[in-house]
Each structure stands twice: as C-alpha cells, then as structure tokens.
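Spelled out from the first residue to the last, the chains are:
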Amino acid sequence: TLLFPSDSAPTFTIEPPVQNPLEGNNITLEWSYNFGSGSYRQVIFGSDDISIIVEKSFSDNVPYIAPAFSGRLLANVTDIYTSITFLAVNRNDSNSYTLTIVSNSRE
C-alpha cells in the first residue's frame, strides 16, 4: 500500500513482469516512476526473507547492498528509475521481492 499525498504520489510507468530465469543467468528488475512534486526520501528493495537487500536514501551517493548479496547484485537508484540486477541467479534467489518508496515528506 502506498500512502503518498496526492501531489507527491509516484506514478509507476514501468514495473517488472514475473520472470523465470534459467539458473546461472542474470535477471534485471526495473521500475520507472514519476513524482507529482518532490522526490523519494528512501528506496528499499527486499524479499519475504530479507527485509532490506538494497537501500538508498536520497542523500546517499550509492545504494547499500546487504553483505549476503555483495558481488551478486547490482543496484541503480535515481529520482525516476530503479534497476536491480541479480548476477548468475540460483535456486536460493527464488522469492517474492518488493520495492518500497518512501516520499521526501516521509509518507
């Protein structure tokens, strides 16, 4: 559930489809979004098992990647776009993942 004031609510223009990659291949999940006004304060990518895999605050230069995913995952987060690339996926990567965006007004 997204709880943004109407003037800063993001509109998602691209969301990743359900994907079933072959083991050993890379997979990229992409989101594009626009804010009516303002920007994000924090972006969090997580799963059912791990609440924070990638996290980036607006003031951070680079996204934080959880140590368990270091070297196995690439993350790009901007004001309008997020991409997460799993490198050489394996069976343990099979999960439901969520991208959470917190607005700059903390709503």
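Refer to the structure above for everything that follows.
Figured I'd write up the structure that's included with this text. (Residues numbered from 1 in each chain as written. Predicted model: local features only at pLDDT ≥ 70, side-chain atom pairs only at ≥ 80, totals over all residues. Heavy atoms only, no water.)

1. A few points about the environment of leucine 22
For step 1, the next point in the chain: Along the polypeptide, leucine 22 turns up in the loop between strand S1 (10–14) and strand S2 (27–35).
For step 2, the next point in the chain: By relative accessible area, which is 62% here, leucine 22 ends up exposed.
For step 3, the next point in the chain: Linking leucine 22 and valine 89, residues 67 residues apart in sequence, is a C-alpha distance of 7.7 Å. (Helix = DSSP H or I, 4+ residues; strand = E, 2+ residues; numbered from the N terminus. Buried < 20%, exposed > 50% of the residue type's maximum accessible area, 1.4 Å probe, protein only.)

2. Some remarks on the pattern of salt bridges
For step 1, the next point in the chain: For the structure on display, the rule yields two salt bridges.
For step 2, the next point in the chain: A salt bridge links arginine 91 to glutamate 23; its shortest N-O distance comes to 3.4 Å. Of this pair, arginine 91 sits in the loop between strand S7 (81–86) and strand S8 (97–103) while glutamate 23 sits in the loop between S1 and S2, and the two are 68 residues apart along the sequence.
For step 3, the next point in the chain: A relative accessible area of 68% means that arginine 91 is categorised as exposed.
For step 4, the next point in the chain: With a shortest N-O distance of 2.6 Å, arginine 72 and aspartate 93 are connected by a salt bridge. Highlighted residues: arginine 72 in the loop between strand S5 (64–65) and strand S6 (73–77) and aspartate 93 in the loop between S7 and S8, separated in sequence by 21 residues.
For step 5, the next point in the chain: The exposure class assigned to aspartate 93 is buried, which follows from its relative accessible area of 9%. (Salt bridge = Lys/Arg side-chain N within 4 Å of Asp/Glu carboxyl O.)

3. Some points on the nonpolar core
For step 1, the next point in the chain: Phe45 and Phe86 are the most contacted members of the largest nonpolar core, which totals 19 residues.
For step 2, the next point in the chain: Elements with a contribution of two residues or more to this core: S2, strand S3 (40–47), S6, S7 and S8.
For step 3, the next point in the chain: Filtering out sequence-adjacent residues up to four positions away, phenylalanine 45 remains in contact with Leu29, Trp31, Ser51, Ile52, Ile53, Val54, Ile84, Phe86, Tyr97, Thr98 and Leu99. (Core = buried A, V, L, I, M, F, W, Y, C linked by side-chain atoms within 4.5 Å. Contact = heavy atoms within 4.5 Å.)

4. Some remarks on the layout of surface pockets
For step 1, the next point in the chain: Volume-wise, the largest pocket comes out at about 500 Å³.
For step 2, the next point in the chain: Along the walls of the largest pocket sit 20 residues, with Gln19, Pro21, Ile27, Asp93 and Asn95 positioned nearest its centre.
For step 3, the next point in the chain: At the level of secondary structure, the elements contributing two or more residues to the lining of the largest pocket comprise S2 and S8.
For step 4, the next point in the chain: The class makeup of the residues in the lining of the largest pocket is eleven nonpolar, six polar and three charged. (1 Å grid on protein atoms, 1.4 Å probe; cavity = no way out; pocket = protein on both sides within 12 Å on 5 of 7 lines; lining within 4 Å. Points joined across faces, edges and corners; volume = space filled by probe spheres on them. Nonpolar A, V, L, I, M, F, W, Y, C, P; charged D, E, K, R; others polar.)

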